[in-house]
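Observations on the model geometry
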Amino acid sequence: MSSHVQEDELAMSSDELLQAQLELYHHSFVYVKSMALGAATDLRIADAIHLRGGAATLSDLAAHTGIHPTKFSHLRRLMRVLTTSGIFSADVKARGDTVYKLTRVSRLLVGAGGESSRRRDLSPMVGVFVNPVAIAALFSIREWFTDENSAASSSLFEMAHGCTRWEMIAKDAGEGRVFNAGMAADSCLSMEILLKECSSVFGSLGSSLVDVGGAHGTAAAVVAKAFPHVKCTVLDLPRVVAGAPAHANLTFVPGDMFEYIPPADTVLLKTKIASRYCASARKQSRHGTLEGR
């Protein structure tokens, strides 16, 4: 009886079976969108469209990216993926030519042009998200749940690579550059919006601020520029601080945020981290905590 009920629950019409098959394959191939976005970012396709007045043909894109002539048809397929996923838009002209344009998403991939565009260019962050090192760890999800050895790993990344993401960044200069560039790009955009929409909050900062886990000081530098009276300090790990460029308006302090946070009127948290850390930060801040992003 039980077996019969289970069979009834699995029963579907032919149309339902075909639709289910389509959806299953769609989910299986969804990674193609991420990889296509990564390729478009590396090829600077958004810049190519922007530099041509916001509209570019496939030939324009081929010329700008310098692809091999034999890959022209494949570029068309790449753009088809990118347009169907909303990264770019496509306008087919009467004579059959397709003109590609930017969408609000791909506007954040434009690095060419003025200072405003460069400040909002999130291309480096895409590089962090579609980094082969990060993606490779996802192939170990099953082992993470079933392998006895996974208990010794603090994260999926550590089980896959034998070290944490931070340890890999510390020993691999290339990984460090990719990660730091992504964080800086994210901070530029986030702080621009935060200062615009929350200016009243920043107006009551007090005379000092510490950006916890502030890397090379991108976020703190924005605050220091907007509010010159605020003494801005950046706290991060010694190896991170050691690579930070000199900045006249920032003080860099090497340390572990879980062990010590320099005293300041305001603590800036760019992301919401562990509750035990947030509690510690609030105790050391007389004016509370700014949690951006």
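In this text the structure is predicted, and so the values were computed from the model without any measurement. (Residues numbered from 1 in each chain as written. Predicted model: local features only at pLDDT ≥ 70, side-chain atom pairs only at ≥ 80, totals over all residues. Heavy atoms only, no water.)

1. Here's the deal with the confidence of the model for the protein
Predicted confidence across the protein gives a mean pLDDT of 85, with 88% of residues reaching 70 or more. Counting contacts from residues 272–293, a segment whose pLDDT is below 50, to residues more than four positions away or on other chains yields 50 contacts. (pLDDT = per-residue confidence, 0-100. Contact = heavy atoms within 4.5 Å.)

2. A look at the sheet that holds strand E1 (residues 55–57)
Taken in spatial order, the 3 strands line up as E1-E3-E2 in an open sheet, and their pairing is antiparallel. Lying at the two open borders of the sheet, with one neighbouring strand each, are E1 and strand E2 (88–92). Put simply, the sheet's adjacent strands are angled 35° from each other on average, direction ignored. Looking at chain direction, E2 and strand E3 (residues 98–102) are connected through 5 bridges and run antiparallel. Looking at the pairing, alanine 90 lines up with tyrosine 100 of E3. Strands E1 and E3 of the sheet are contacted by helix H5 (residues 58–65), whose axis makes an angle of about 90° with E1. Relative to the sheet, helix H6 (residues 72–84) contacts E2 and E3, its axis offset from that of E2 by approximately 110°. (Pairing = 2+ DSSP bridges. Helix = DSSP H or I, 4+ residues; strand = E, 2+ residues; numbered from the N terminus. Axes fitted to C-alpha atoms, helices over the stretch in contact; angles between N-to-C directions.)

3. Digging into the packing of aromatic side chains
The geometry of an aromatic ring pair comes down to the distance between the two centres and the angle between the two planes. Scanning the entire structure with this criterion turns up 2 aromatic pairs. Seen in terms of ring centroids, tryptophan 166 and phenylalanine 179 are 5.3 Å apart; in terms of plane orientation they differ by 85°. Their pairing is edge-to-face. With tryptophan 166 in helix H12 (residues 165–171) and phenylalanine 179 in helix H13 (residues 173–197), the pair connects residues that are 13 residues apart, well separated along the chain. For tryptophan 166, a relative accessible area of 49% corresponds to the partly exposed category. Residue phenylalanine 179 is classed as buried on the basis of its relative accessible area, which comes to 13%. (Phe/Tyr/Trp six-rings, centres within 6.5 Å; stacked < 30°, edge-to-face > 60°. Buried < 20%, exposed > 50% of the residue type's maximum accessible area, 1.4 Å probe, protein only.)

4. A closer look at the packing of H5 against H6
The geometry of a pair of packed helices is captured by two quantities: the angle between their axes and the separation between those axes. Look at H5 against H6: their axes get within 10 Å of each other, and the N-to-C directions meet at 110°. As judged from the angle between their axes, H5 and H6 are roughly perpendicular. Residues Leu58, Ser59, Leu61 and Ala62 of H5 form the contact with H6, whose own contacting residues are Phe72, Leu75, Arg76 and Met79. Its residues placed into classes, the contact of H5 with H6 shows 6 nonpolar, 1 polar and 1 charged. (Parallel < 35°, antiparallel > 145°, perpendicular 65-115°, else oblique. Nonpolar A, V, L, I, M, F, W, Y, C, P; charged D, E, K, R; others polar.)

5. Concerning the packing of helix H3 (residues 31–43) against H6
Closest axis-to-axis distance for the H3/H6 pair is 10 Å, and the angle between their directions is 115°. Here H3 is positioned roughly perpendicular relative to H6, judged by the angle of their axes. The handedness of the crossing between H3 and H6 is left-handed. Each of Val32, Lys33, Ala36, Leu37, Ala40 and Leu43 in H3 lies in contact with H6, whose residues at this interface are Leu78, Val81 and Leu82. Classifying every residue of the contact of H3 with H6 by side-chain character gives 8 nonpolar, no polar and 1 charged. (Left-handed = near helix turned anticlockwise from the far one by under 90°.)

6. A few points about the environment of serine 190
Within the element layout of this structure, serine 190 appears in helix H13. Separated by 29 residues in sequence, serine 190 and alanine 219 have C-alpha atoms that sit 8.4 Å apart. A distance of 2.9 Å separates a polar atom in the side chain of serine 190 from the backbone oxygen of aspartate 186. (Polar contact = N/O pair within 3.5 Å; in protein donor to acceptor, adjacent residues only side chain to side chain.)

7. Description of unusual backbone geometry
Positioned with a positive phi, arginine 44 is a non-glycine residue whose angle comes to about 55°. Take arginine 44: it is sitting in the loop between H3 and helix H4 (45–51). Since its relative accessible area comes to 25%, arginine 44 is described here as partly exposed. With a phi angle near 55°, alanine 215 is a residue other than glycine that sits in the positive phi range. By relative accessible area, which is 16% here, alanine 215 ends up buried.

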